[in-house]
Amino acid sequence: MTHRKQFLLLVEGKDDKAFFEEFLKHLTLDNIQVEQLGGESKLKTAIKLFKDRPEFLEVISLGVVIDADTNPDNAFKSVVDALREADLPTPSKPLESAGTNPKVTVLILPDEKEKGELEDLYIKSVEEHPLIPCVNAYFKCLNQNKQPIPSKLSKKKVQVFLASKEGDIIGIRRAAKEEVVQWDHKAFNKVKDFLIQISEH
Amino acid sequence: MLKSFGAKNFRGFQDLTINKLKRINLIAGKNNVGKTALLEALFIHSGLYNPNLGLKVNAFRGLEEVTVQFEKTAEFPWDSLFTWFDTTKSIELYGEDTKEGTRSIRISEVPPSINGLKKTKGSRLNIELEQVSAHARILRLKYTDDKNKSNSYDLVFDPDPSGPKRTPYITPTPPNPPFPAFFLASRIRIPFEVEADLYGKLEIQKAEQDILHFLQIIEPNLKSLSLIYSMGKPIFHGDIGSNRLLPLPMMGEGMVRSMSIILRIANAPNGVVLIDEIENGLHYSILPKLWSVIGEMAKKYNTQVFATSHSLECIKAAHQAFSDEDEYDFLVHRLQFSKEGDVHVVTHDRDDLEAAFEIGIEVR
């Protein structure tokens, strides 16, 4: 797929793409094109590929979102390195824009100070839900039965939580599309601010 | 083999540089960005000494039937070689060869007054001077080698030629090109005789079995290949196991196109083959096999191949074919317009293509 809009948001994978597209719809920010980078390992190559596209000449604002995973500082650094290699403006910290045409802004998920990923935000947004104790109890039970706990726990927690919903909603991609996300929850405030920030020139 | 190439003031290229070339180069880009023009620039450069190649590339575009007019306002056949038809700015084509270093050619139109008395050959004792008329049009090609040694060759159109020379003529007579180069145009039907001639050259060298071998990769049912005069034309016939030989055109456009490509690579040892719109007439399922054949042949004959394509399937097929080989000697060069409206090149290597295909980023 090729981006054709003046505002471009690059996210890690398919799930992130679907999530952000739905979030932008909710915010009625239809001027932002969302494309996936294919994971952190391809960050440098993918950013360079997008930058080299002829359509990129039209881009006036670029947002990049990646997961902190085990270290938010390293995640931010890897984005900055990739931006520098592609000869693009490099912000000094997350959520701070740098440069013009394009202006570049980076968001680290769930937060610039926390380990984790997009799904951690989702779990935060439903932490008051009456079924969350059941989800936690499930993983506690796994632990008690000496079953290995998955490395990306929040992704699994989202799956277990969504298992209670009607239909075949097994991940955040479907959750976003089936509108079982509370977009206005305070857990998503930073994401919302970021999206508004990149939609402004 | 060229390691890099550049063109200035040629067709739509004000200043185009390709910093990295490999044995197999696929040129992509939108319509009218200059894919064919890049092949033409490479073709003219591969001739090194022959100003007439500038007109030959026009013929590849179907413009061979050009009437030359000498009125001041009349368009001349070589005008379109120059960016914006501006013949006051010289064309420069330069390529860095792996063995010969940088070889450049400068093409410019010179007024007959400068050329008025022209030395065609000779020494101080025996100087032959040649007069051209005041209305003559002269295209001068100046070749400069890596050691900065230069030679010039003029293509002269003279409405009032003196002496027995027929216009146009080239003076002095240029040497043969340093290596073979073939340009396979996208639309022009190749006469049977041309293909037969190329095959004949290989037969003389007892290399015709190679052609059969490579065609068999594309059509495994092909048992033998014969050049047979049929209806007055030399037409390739193949044995695919039926009770009679079949003319190659009856086996499909793909076989004819594949044969054309194979014949040219085999006839261009240490040379260059330029193929415009390589996927023309080819079903997508043939493409991976064809690229394997091109890769294998180019390596065997030490031929450098440049091909243009619009097709993502074609680029994917090439990437896949070369990924399966021991050596990935392949690059995709996409031509595109810059903000200023000039054309520049983005080159994609194996890592780029792998990522682009996996993520779904456009590379055409």
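For the structure itself, look to the data block above.
Quantities reported herein were computed from a predicted structural model and do not represent experimental measurements. (Residues numbered from 1 in each chain as written. Chains lettered and ligands numbered in written order. Predicted model: local features only at pLDDT ≥ 70, side-chain atom pairs only at ≥ 80, totals over all residues. Heavy atoms only, no water.)

> Could you clarify how one ought to interpret the overall build of chain B in this entry?
Along its length, chain B carries nine helices and 18 strands. Against the compact-globule benchmark of 21 Å for 364 residues, chain B has a radius of gyration of 22 Å, which places it among compact chains. Considering only C-alpha atoms, chain B reaches an extent of 65 × 55 × 40 Å along its principal axes. Relative to its full complement of 364 residues, chain B shows a buried share of 53%. Expressed as a percentage of contacts within chain B between residues at least 6 apart in sequence, the contacts between residues at least 24 apart total 64%. Averaging the coordinates of the 43 positive side-chain charges in chain B and doing the same for the 47 negative ones gives two points 4 Å apart. (Helix = DSSP H or I, 4+ residues; strand = E, 2+ residues; numbered from the N terminus. Rg over C-alpha atoms; globule rule 2.2 N^0.38 Å. Buried < 20%, exposed > 50% of the residue type's maximum accessible area, 1.4 Å probe, protein only. Contact = heavy atoms within 4.5 Å. Lys, Arg positive; Asp, Glu negative; His and termini not counted. Charge placed at Lys NZ, Arg CZ, Asp CG, Glu CD.)

> So what exactly am I meant to see when it comes to helix H4 (residues 118-125) of chain A here?
One turn of the α-helix equals 3.6 residues, which is why residues spaced by three or four share an orientation. Residues and elements named next belong to chain A. Within H4, six of the eight residues are buried, leaving the element largely enclosed by the surrounding structure. When we look at burial in H4, the residues that qualify are Leu118, Glu119, Leu121, Tyr122, Ile123 and Ser125. Buried residues belonging to H4 abut helix H1 (14-26), strand S3 (61-67), strand S4 (103-109), helix H6 (153-162), helix H7 (172-177) and helix H8 (189-199).

> Please explain the pattern of salt bridges as it appears in this structure.
Oppositely charged side chains can form a pair if their charged atoms are brought close together. If you walk through the whole model with that rule in mind, you get 31 salt bridges over all chains. Here Lys192 of chain A makes a salt bridge to Asp184 of chain A, at a shortest N to O gap of 3.4 Å. The residue Arg364 of chain B makes a salt bridge to Glu362 of chain B at a minimum N-O spacing of 3.0 Å. The exposure class assigned to Arg364 of chain B is partly exposed, which follows from its relative accessible area of 34%. Note on Glu362 of chain B: relative accessible area 17%, which makes it buried. A network of salt bridges, in which partner residues are shared, links Asp111, Glu112, Lys113 and Lys190 of chain A. (Salt bridge = Lys/Arg side-chain N within 4 Å of Asp/Glu carboxyl O.)

> Quick question: what am I supposed to make of the packing of helix H5 (residues 208-218) of chain B against helix H6 (residues 253-266) of chain B here?
Each packed pair of helices is defined by two parameters, the angle between the axes and the distance between the axes. All names here are of chain B. Where H5 contacts H6, the axes come no closer than 10 Å and their chain directions differ by 145°. The two elements H5 and H6 meet at a crossing, and its hand is right-handed. Residue-level contacts link Ile211, Phe214, Leu215 and Ile218 of H5 to Met255, Ser258, Met259, Ile262, Leu263 and Ala266 of H6. In terms of residue class, the contact of H5 with H6 is made up of nine nonpolar, one polar and no charged. (Axes fitted to C-alpha atoms, helices over the stretch in contact; angles between N-to-C directions. Left-handed = near helix turned anticlockwise from the far one by under 90°. Nonpolar A, V, L, I, M, F, W, Y, C, P; charged D, E, K, R; others polar.)

> Looking at this model, I keep getting lost on the interface of chain B and chain A. Mind explaining?
By a frequent convention, interface size equals the accessible area lost on bringing the separate parts together. Counting residues at the interface gives 19 residues for chain B, matched by 15 residues for chain A. When chain B packs against chain A, close to 1400 Å² is buried across both sides, 61% of that on carbon and sulfur atoms. Among the residues chain B hides against chain A, the three largest losses belong to Lys339, Ile359 and Ile361 of chain B. Together they make up 38% of the total. If you look at where chain B meets chain A, you find one salt bridge. With a closest N to O distance of 3.2 Å, Glu358 of chain B and Lys42 of chain A form a salt bridge. In this assembly, chain B and chain A are joined by five residue pairs in polar contact (both at pLDDT 80 or more). Taken together, the elements giving at least two residues each to the side of chain B that touches chain A come down to strand S17 (330-337), strand S18 (343-348) and helix H9 (350-359) of chain B. Among the elements that line the side of chain B that touches chain A, the one with the most residues is H9 of chain B, at six residues. (Buried area = accessible area lost by both parts, 1.4 Å probe. Polar contact = N/O pair within 3.5 Å; in protein donor to acceptor, adjacent residues only side chain to side chain.)

> Even after reading the chapter, I still don't get the environment of Leu107 of chain A, so can you show me in this structure?
Residues and elements named next belong to chain A. With respect to the secondary-structure elements, Leu107 resides in strand S4. A relative accessible area of 2% means that Leu107 is categorised as buried. Taking the C-alpha atoms as reference points, Leu107 and Leu121, 14 residues apart in sequence, are found 13 Å from one another.

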